[in-house]
Amino acid sequence: MSQPTGTETTGRYLVLLEDRSVAAGAVEMNRVAGISAASTADHPTAADLAAADGMIFQDLGVAVVDATPEQVARLSRAAEASGPISVVEAERVVQAYTTTEGTAAAVDEGVFTWGLQAVGANLCAATGRGVRLAVLDTGFTTAHADYASRTVVTQSFIKGETVDDAHGHGTHCVGSAAGPRKPAAGPGYGVAHEVEIYAGKVLSNAGFGSDSGILAGIEWAISNGCAVISMSLGAAVRPGTPYSQVFEQAATRALARGALIIAAAGNESRRPGSVNPVGHPANCPSILSVGAVDVDRAIAPFSCGTVDTIGQVDLVGPGVDVYSSWNKDEGAGMYKRIQGTSMATPHVAGVAALIAERYGARGWELWARLVQSGRRLGLPSTDVGGGLVQAP
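Residues numbered from 1 in each chain as written. Predicted model: local features only at pLDDT ≥ 70, side-chain atom pairs only at ≥ 80, totals over all residues. Heavy atoms only, no water.

Draft legend 1. Inspection of the confidence of the model for the protein at higher detail. Counting all residues, the mean pLDDT for the protein is 94, and 97% of those residues have values of 70 or more. In this model, residues 1–6 is a region of pLDDT below 50 whose contacts with residues beyond four sequence positions or in other chains number 14 contacts. (pLDDT = per-residue confidence, 0-100. Contact = heavy atoms within 4.5 Å.)

Structure representation (structure tokens):
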């Protein structure tokens with residue numbers, strides 16, 4: 001997928017405010033830089049947002065603002081001092097992680113996809129019932145027949161676009177994490193098939209978005225009590241690039257609220273000759289990073305890996321030739337096979353929901369139980385982390 005016209009950043013800025021000092025941070029932004037930001041705590045109207053210079057995500061303690069170079073310099077100086085403003089970063093452009101389409105897996109998928117079999121979901125008594133799982137992506141195809149009996153809570157964070165998924169990527173990811181075991185056609189493909197689905201549109205129908213959309217989706221998921229947040233998206237980074245301190249703090253604050261963020265490692269590798277580092281935001285220490293393996297449990301050639309001290313792969317999931325729900329009929333009904341770390345991520349998220357149901361685990365405990373579930377594959381931990389995720 002090509003990058004949209006422009007650069008790697010949007011021209012806006014992320015401002016991390018000290019925990020428990022969000023209100024003071026808003027006052028400080030106005031004092032040092034003349035920036036007035038609306039807060040999600042006040043449920044701002046469209047008019048409020050139009051009049052403001054940005055938005056503060058209250059639960060995360062992060063502001064996204066429009067700022068001139070002079071204002072950025074003032075905010076940065078304030079961040080260097082001891083006060084409620086902690087970090088200032090340029091907002092990034094992000095995209096859905098997709099690669100070439102897959103072909104039918106060379107295993108028996110008469111009843112369940114090879115992915116469900118690989119993670120042991122087909123043998124697990126847990127179903128995800130009572131657990132809320134958010135998929136932040138390109139939205140969801142609300143008219144898909146496989147979900148007619150399911151309640152799917154949706155929200156769009158893309159201006160001018162409904163939650164309906166004209167891309168397909170989001171519907172596919174929702175399917176792997178939470179789709180049915182007895183679909184209208186083909187094998188069962190959902191890991192946590194009775195989980196409560198929250199589908200947030202943070203990427204456009206073209207597959208692109210920004211940091212602010214992701215942060216808005218994370219806050220929405222947390223406020224709705226989601227235990228698991230699945231994000232098959234991101235931006236490539238160069239070796240040695242620092243992880244985002246803003247997203248790291250957002251992730252730790254999410255964990256403190258009982259929400260585990262799981263994100264795709266990225267598809268930029270061209271193995272065996274080239275292994276690219278884990279992308280943003282999966283490279284943050286407090287976001288669980290997912291790589292991809294194929295039906296033979298070999299690392300996928302596109303899967304990013306741990307190449308320096310910044311960003312590591314924590315687990316891997318099935319990410320090649322993955323069958324799941326799609327947004328339109330392309331000759332095989334509303335289903336499609338695609339591949340990428342994007343496909344591996346919802347498998348891990350679905351297993352997280354199964355573990356959350358079985359043990360009542362949330363936050364850091366859920367992280368620990370999920371990583372401990374990994375099945376060793378005889379591959380370097382730099383490629384697969386703790387191994388192939390396994391249902392409880």
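Structure shown, so let's carry the discussion forward.
Draft legend 2. Quick peek at the environment of Arg238. If you trace the backbone, Arg238 turns up in the loop between strand S11 (233–234) and helix H7 (245–256). Counting along the chain gives 64 residues from Arg238 to Val174, while the straight-line C-alpha distance between them is 29 Å. When near neighbours in sequence (up to four residues on either side) are disregarded, Arg238 contacts Glu8 and Pro277. Looking at Arg238, its side chain comes within polar contact range of the side chain of Glu8, at 3.3 Å. (Helix = DSSP H or I, 4+ residues; strand = E, 2+ residues; numbered from the N terminus. Polar contact = N/O pair within 3.5 Å; in protein donor to acceptor, adjacent residues only side chain to side chain.)

Draft legend 3. Representation of the sheet that holds strand S7 (residues 152–156) within the structure. Reading across from one edge, S7-S8-S6-S10-S12-S13-S14 is the order of the 7 strands in this open sheet, with parallel pairing throughout. Two strands lie at the open edges of the sheet, namely S7 and strand S14 (315–318), each paired on one side alone. For this sheet the average axis-to-axis angle between neighbouring strands, irrespective of direction, equals 25 degrees. Bridge count for strand S6 (residues 132–137) against strand S8 (residues 196–201) is 6 bridges, and the pairing is parallel. Residue pairing in the sheet places Val135 in a bridge with Ala199 of S8. Contacts between helix H5 (residues 169–178) and the sheet are confined to S6 and S8, with S6 contributing the most and set at about 155 degrees to the helix. (Pairing = 2+ DSSP bridges. Axes fitted to C-alpha atoms, helices over the stretch in contact; angles between N-to-C directions.)

Draft legend 4. How the structure looks around the pattern of salt bridges. Inspection of the entire model under this criterion finds 16 salt bridges. Its salt-bridge partner being Arg74, residue Glu70 comes within 2.6 Å of it at the nearest N-O pair. Pair noted here: Glu70 and Arg74 are both in helix H3 (residues 69–80), with a separation of 4 residues, about one helical turn. A salt bridge links Arg369 to Glu365, with the shortest nitrogen-to-oxygen separation between them at 3.0 Å. In this pair, Arg369 and Glu365 are both assigned in helix H9 (residues 363–372), 4 residues apart and thus about one turn of the helix distant. Using a relative accessible area of 32% as the deciding quantity, one classes Arg369 as partly exposed. (Salt bridge = Lys/Arg side-chain N within 4 Å of Asp/Glu carboxyl O. Buried < 20%, exposed > 50% of the residue type's maximum accessible area, 1.4 Å probe, protein only.)

Draft legend 5. Summary view of the packing of helix H6 (residues 211–223) against H7. Put simply, H6 and H7 touch, their axes get as near as 11 Å, and they point 10 degrees apart. For the element pair H6 / H7, the angle class is roughly parallel. Across the interface between the two elements, Asp211, Ile214, Leu215, Ile218 and Ile222 from H6 touch Phe247, Ala250 and Ala254 from H7. Considering only residue class, the contact of H6 with H7 consists of 7 nonpolar, no polar and 1 charged. (Parallel < 35°, antiparallel > 145°, perpendicular 65-115°, else oblique. Nonpolar A, V, L, I, M, F, W, Y, C, P; charged D, E, K, R; others polar.)

Draft legend 6. Main features of helix H8 (residues 341–359). End to end, H8 covers 27 Å across 19 residues, agreeing with the expected 27 Å (1.5 Å per residue, within 8%). Here H8 lies mainly inside the structure; 16 of its 19 residues are buried. Positive backbone phi, approximately 70 degrees, marks Gly360, located one or two places after H8. (Expected span 1.5 Å × (residues − 1).)

Draft legend 7. Fine view of the pairing of S7. With 5 bridges connecting them, S7 and S8 associate as parallel partners. Note that in S8 the partner of Val153 across the bridge is Tyr198. In this fold, the crossover linking S7 to S8 by way of H5 has left-handed handedness. (Right-handed = clockwise from strand over helix to strand, strands pointing away.)

Draft legend 8. Summary view of the pairing of strand S12 (residues 260–264). Most of S12 is tucked away, with 5 of its 5 residues classed as buried. Alternating positions in S12 separate into two faces, Leu260, Ile262 and Ala264 on one and Ile261 and Ala263 on the other, with burial throughout. Here S12 runs beside strand S13 (residues 288–293); their pairing, made up of 3 bridges, is parallel. Bridged to Ile262 within S13 is Leu288.

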